[in-house]
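Architecture at a glance
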Amino acid sequence: MNRGATPANSAPFHCCGYKWFLRVTPMHKKSGDGIVHLALDLAISRIGLEQGLVMNAVFELSMYNHSSGTYYGGKASYSFNVKKTHSKKMCLIRLGKLLKSSDYLVDDSCVFGVRILKADVSSPKKMAVVISEKPVTVQNLFLQKKDLVKGTYTWTMNNYLDLKLPVNSPAFEVGGHKWYVCIFYCSSEIYRTNSLSLYLHLHDPKELPDPEPGMMIELALCILDQKYGKHFTVKGRFVFRIGSKAGWGWSNFIALNIFKDQSRGYLVGSNCFLKADITVIGSSNDN
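Quick summary incoming for the structure in this document.

Cut-offs used in this document
- Residues numbered from 1 in each chain as written.
- Predicted model: local features only at pLDDT ≥ 70, side-chain atom pairs only at ≥ 80, totals over all residues.
- Heavy atoms only, no water.
- Helix = DSSP H or I, 4+ residues; strand = E, 2+ residues; numbered from the N terminus.
- Buried < 20%, exposed > 50% of the residue type's maximum accessible area, 1.4 Å probe, protein only.
- Phe/Tyr/Trp six-rings, centres within 6.5 Å; stacked < 30°, edge-to-face > 60°.
- Pairing = 2+ DSSP bridges.
- Axes fitted to C-alpha atoms, helices over the stretch in contact; angles between N-to-C directions.
- Core = buried A, V, L, I, M, F, W, Y, C linked by side-chain atoms within 4.5 Å.
- Contact = heavy atoms within 4.5 Å.
- Salt bridge = Lys/Arg side-chain N within 4 Å of Asp/Glu carboxyl O.

1. Remarks on the overall build of the protein chain
- Looking only at helices and strands, the protein chain features 2 helices and 18 strands.
- Per-residue burial for the protein chain yields a buried fraction of 41% across its 287 residues.

Written out as structure tokens, the structure is:
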């Protein structure tokens, strides 16, 4: 809570042949009353999803009551596709109540859960989906309160209009690991046709020695405004796994017509500047 309202995403987990992740929003204002809640939602990874495929899922989102040894939450359903990858947020508990609770907040720890009950796929190929009887994945995240590892990298592109996307930035180091930023256009057949995508990746993750299998990263990607100083920034918290090639970021980071509008200052001539602010706020263990 001390680091603000930025949502945190779990590392991906597998179910019925697809990758999913759980997102925790620590400070979500419930529509209608404006009261701040802790909220959860379920998301499916676009990797492996095909155009026209719809995943109709029924699931439970919950948090653990340490006193009773049970999970408290609710049941929901959502139809996922390549353009709708996040379910609606479910408000589980008022933030004020959570911070005073000895049931859900124990030793500064909270436990959240998702259980996928049913998944029906409708697609041109009519793919079958099988949910195993006990699909259990446990992820432990240990967030730091001090001694956070921070780093900033600015990628200067003086020839953006001459580049053939996708293109990767030079590798840079933060927290003893090397990273790179990837920039590309969204696929016109699957994603929005008018967006620029930005993602952060670990560089050669399989070759990096690390006692922990993953890291919780607080990430801010920014396109600098060269004229007015009104920089365009998007933030998030993500788990990067050692040994995984997957990156985290945003497929619809900024609309192309806004980015290429010379009057806004993001692209001046053929010059643009991208900045990545990375903070390692924790490590993770998977059981």
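2. Let's talk about the packing of aromatic side chains
- Counted according to the given criterion, the structure contains 15 aromatic pairs.
- Here the aromatic rings of tryptophan 20 and phenylalanine 80 are separated by 5.5 Å at their centres, their planes lie at 90 degrees, and the arrangement is edge-to-face. Residue tryptophan 20 is found in strand 3 (residues 18–29), and its partner phenylalanine 80 is found in strand 6 (residues 70–80); the two are separated by 60 residues along the sequence. For the residue pair tryptophan 20 and phenylalanine 80, the accessibility class agrees, reading buried in each case.
- Within the aromatic cluster, the residues linked to one another by ring pairs are Phe21, Phe232, Phe238, Trp248, Trp250, Phe253 and Tyr266.

3. Notes on the sheet that holds strand 8 (residues 112–122)
- Judged by pairing direction, the sheet is antiparallel, and its 3 strands sit side by side in the order 6-5-8 without closing on themselves. Either end of the sheet is taken by a strand with one partner, and the two such strands are strand 6 and strand 8. Ignoring strand direction, the axes of neighbouring strands in this sheet form an average angle of 15 degrees.
- The pairing of strand 5 (residues 54–65) with strand 8 spans 10 bridges and is classified as antiparallel. Across the sheet, serine 62 pairs through a bridge with glycine 113, a residue of strand 8.

4. Thoughts on the pairing of strand 14 (residues 195–202)
- For strand 14, the buried fraction is high: 8 of the 8 residues fall into the buried class.
- The two faces of strand 14 match: Ser195, Ser197, Tyr199 and His201 on one face and Leu196, Leu198, Leu200 and Leu202 on the other face are all buried.
- As paired strands, strand 13 (residues 177–185) and strand 14 are joined by 7 bridges and run antiparallel to one another. Residue pairing across strands places tryptophan 179 opposite leucine 202, the latter belonging to strand 14.

5. Considerations on the nonpolar core
- Among the nonpolar cores identified, the biggest contains 38 residues, and Tyr160, Phe172, Trp179, Ile183 and Phe259 are the most heavily contacted of them.
- Sequence-distant contacts of phenylalanine 172, defined by excluding residues within four places in its chain, comprise Tyr153, His177, Lys178, Trp179, Tyr180, Val181, Leu200, Ala276 and Ile278.

6. Some points on the pattern of salt bridges
- The full count for this structure, using the stated rule, is 6 salt bridges.
- Aspartate 261 is the partner of arginine 264 in a salt bridge, and the nearest nitrogen-oxygen pair spans 3.6 Å.
- In this structure, the salt-bridge partner of lysine 275 is aspartate 277, at a minimum N-O distance of 3.7 Å.
- Residue aspartate 277 is classed as partly exposed on the basis of its relative accessible area of 25%.

Structural measurements only, silent on function.
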